[in-house]
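What follows is the residue order along each chain.
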Amino acid sequence: MLANTADGGAPPPVAAATSGGSMEPYGSSKWPDPDPPRPHYLPAVPRPPDPPPTREPIKHSSIAAIVFLLGILGLVCAGAYFSGELQQFLSGSSATQSQPARPGLVPFGQRQDPLPGLEEADAPLGTPAPLNRTSGSYKFLAVKEDGTPLAYSPCRPIHYVVNSDLAPPSWQPLVDEAIRRASVATGLRFIYDGPTSEVPSTNRSGYQPDRYGDRWAPVLIAWSTPEQVPRLTGQTVGLGGSSSIGLSNGYKAYVTGTVSLDAPQFAGIVDTSSGEEVGVAVIMHELGHLLGLDHVDDPRQLMFGEASWVREYAAGDRTGLAQLGMGPCSKDF
Ligand SMILES: [Zn+2]
């Protein structure tokens with residue numbers, strides 16, 4: 001689908017689709033899980049790092065959904081590799097190029113991607129906060145051929161919706177604060193579009209015009225259950241990841257994603273002393289994944305994948321997030 005390059009128009013999104021015509025979702029069994037659940041997040045006990053955790057750690061994991069495209073075999077994705085299924089996927093993409101579908105010329109309702117360029121400005125909407133000090137203690141979920149990380153376009157806002165049906169009553173200031181800190185660290189601009197009834201799905205479409213209009217679906221932040229999101233089973237308290245598009249000119253960017261939070265576990269966390277602070281940190285950690293950060297082995301970082309006392313983005317997290325806020329812009333998707 002959507003693989004026309006002959007008309008000289010804006011390079012259309014290429015194969016940003018599964019068989020269902022939507023982006024490969026995070027967590028799909030189609031791609032190897034890049035990040036098995038790991039212990040994560042103890043309830044807040046501010047203290048130096050030496051004593052080992054005394055409480056049962058809450059496991060945590062991230063998922064990155066990467067849509068691989070023809071010609072980007074150099075792309076590196078944490079834990080993902082080119083399987084036989086991918087080869088089929090690539091072959092399928094190639095075959096569909098004989099049926100070009102230029103996004104802008106396909107009647108609304110038949111397109112599988114939105115009209116390109118919506119809200120894309122000529123320059124980044126913000127800049128990352130200055131770094132007091134840099135650190136190499138960060139890792140990206142995916143790096144492009146040129147060595148820069150796969151990221152959201154900084155020239156358009158990241159819209160998000162929240163399904164708070166299962167959230168604790170105090171959810172909104174927690175999300176607001178986590179989003180604010182992620183925005184400061186990256187310079188990326190976020191816009192809250194309000195509540196949604198959408199629940200996380202392993203095959204979430206990146207384009208849902210019936211629900212969200214003719215645009216990329218907003219980022220979904222949802223309190224959920226292991227029944228809805230099997231990967232939340234056990235001690236995993238949250239999941240975060242994004243899906244990307246690639247254009248025929250080589251441009252790649254994340255376009256939407258999901259943060260899923262285990263509602264019962266999250267309620268238990270928030271219901272402790274300093275619990276809301278920990279809740280913010282959990283959401284910030286998942287937003288780190290959403291924006292493109294992988295786990296690191298450094299327990300001083302918020303993106304450490306195991307039990308942690310860290311409550312704020314640390315130097316390594318910030319160094320990585322600053323780079324994720326300075327990705328390239330494009331009006332072609
Ligand atoms: Zn994580």
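Residues numbered from 1 in each chain as written. Predicted model: local features only at pLDDT ≥ 70, side-chain atom pairs only at ≥ 80, totals over all residues. Heavy atoms only, no water.

Undergrad: Can you tell me about the nonpolar core, naming the residues and giving the values?
TA: Of all hydrophobic cores here, the largest spans 47 residues; its most connected members are Ile221, Trp223, Ile283, Leu287 and Leu291. At the level of elements, β5 (158–163), α2 (171–186), β7 (219–224), β9 (252–262), α4 (263–270), α5 (275–291) and α6 (315–324) are the ones that each hand at least two residues to this core. The leading source of residues in this core is α5, at nine residues. Those residues in contact with leucine 287 that sit more than four places away from it in its chain are Ala178, Ile179, Ala182, Val259 and Tyr313. Trp216, Ile245, Leu247 and Phe333 belong to the second largest nonpolar core, which has seven residues in total. (Core = buried A, V, L, I, M, F, W, Y, C linked by side-chain atoms within 4.5 Å. Buried < 20%, exposed > 50% of the residue type's maximum accessible area, 1.4 Å probe, protein only. Helix = DSSP H or I, 4+ residues; strand = E, 2+ residues; numbered from the N terminus. Contact = heavy atoms within 4.5 Å.)

Undergrad: How would you explain α5 if you had to name every residue and give the values?
TA: The terminal C-alpha atoms of α5 lie 24 Å apart, and with 17 residues this matches the ideal 24 Å at 1.5 Å per residue to within 8%. Summarising burial for α5: 15 of the 17 residues are buried, a large majority. Looking at the residues trailing α5, positive phi occurs at glycine 292, about 125°. (Expected span 1.5 Å × (residues − 1).)

Undergrad: Would you mind going over the packing of aromatic side chains in detail, with residue names and values included?
TA: Per the stated rule, a full pass over the model turns up eight aromatic pairs. For the ring pair tyrosine 160 and phenylalanine 190, a centre distance of 6.4 Å and an interplane angle of 70° mean the geometry is edge-to-face. Here phenylalanine 190 lies in strand β6 (residues 190–195) and tyrosine 160 lies in strand β5, a separation of 30 residues in the sequence. Owing to a relative accessible area of 5%, tyrosine 160 belongs among the buried residues under this scheme. Residue class for phenylalanine 190 comes out buried when judged on its relative accessible area of 13%. Centroid distance tryptophan 223 to phenylalanine 266: 5.4 Å. Interplanar angle 80°. Geometry classified as edge-to-face. With tryptophan 223 in strand β7 and phenylalanine 266 in helix α4, this pair connects stretches of sequence that are 43 residues apart. Grouping residues by exposure puts tryptophan 223 and phenylalanine 266 together as buried. Members of the aromatic cluster, joined through ring pairs, are Tyr160, Trp171, Phe190, Tyr192, Trp223 and Phe266. (Phe/Tyr/Trp six-rings, centres within 6.5 Å; stacked < 30°, edge-to-face > 60°.)

Undergrad: So, the pattern of salt bridges: which residues are in play, and what are the values?
TA: All chains considered together, the criterion is met by eleven salt bridges. Residue aspartate 193 pairs with arginine 215 through a salt bridge whose shortest N-O separation is 2.7 Å. Of this pair, aspartate 193 sits in strand β6 while arginine 215 sits in the loop between α3 (209–212) and β7; the two residues are 22 residues apart in sequence, bridging distant segments of the chain. Its relative accessible area of 18% is what places arginine 215 among the buried residues. Here glutamate 312 and arginine 318 are joined by a salt bridge, their closest N and O atoms 3.6 Å apart. (Salt bridge = Lys/Arg side-chain N within 4 Å of Asp/Glu carboxyl O.)

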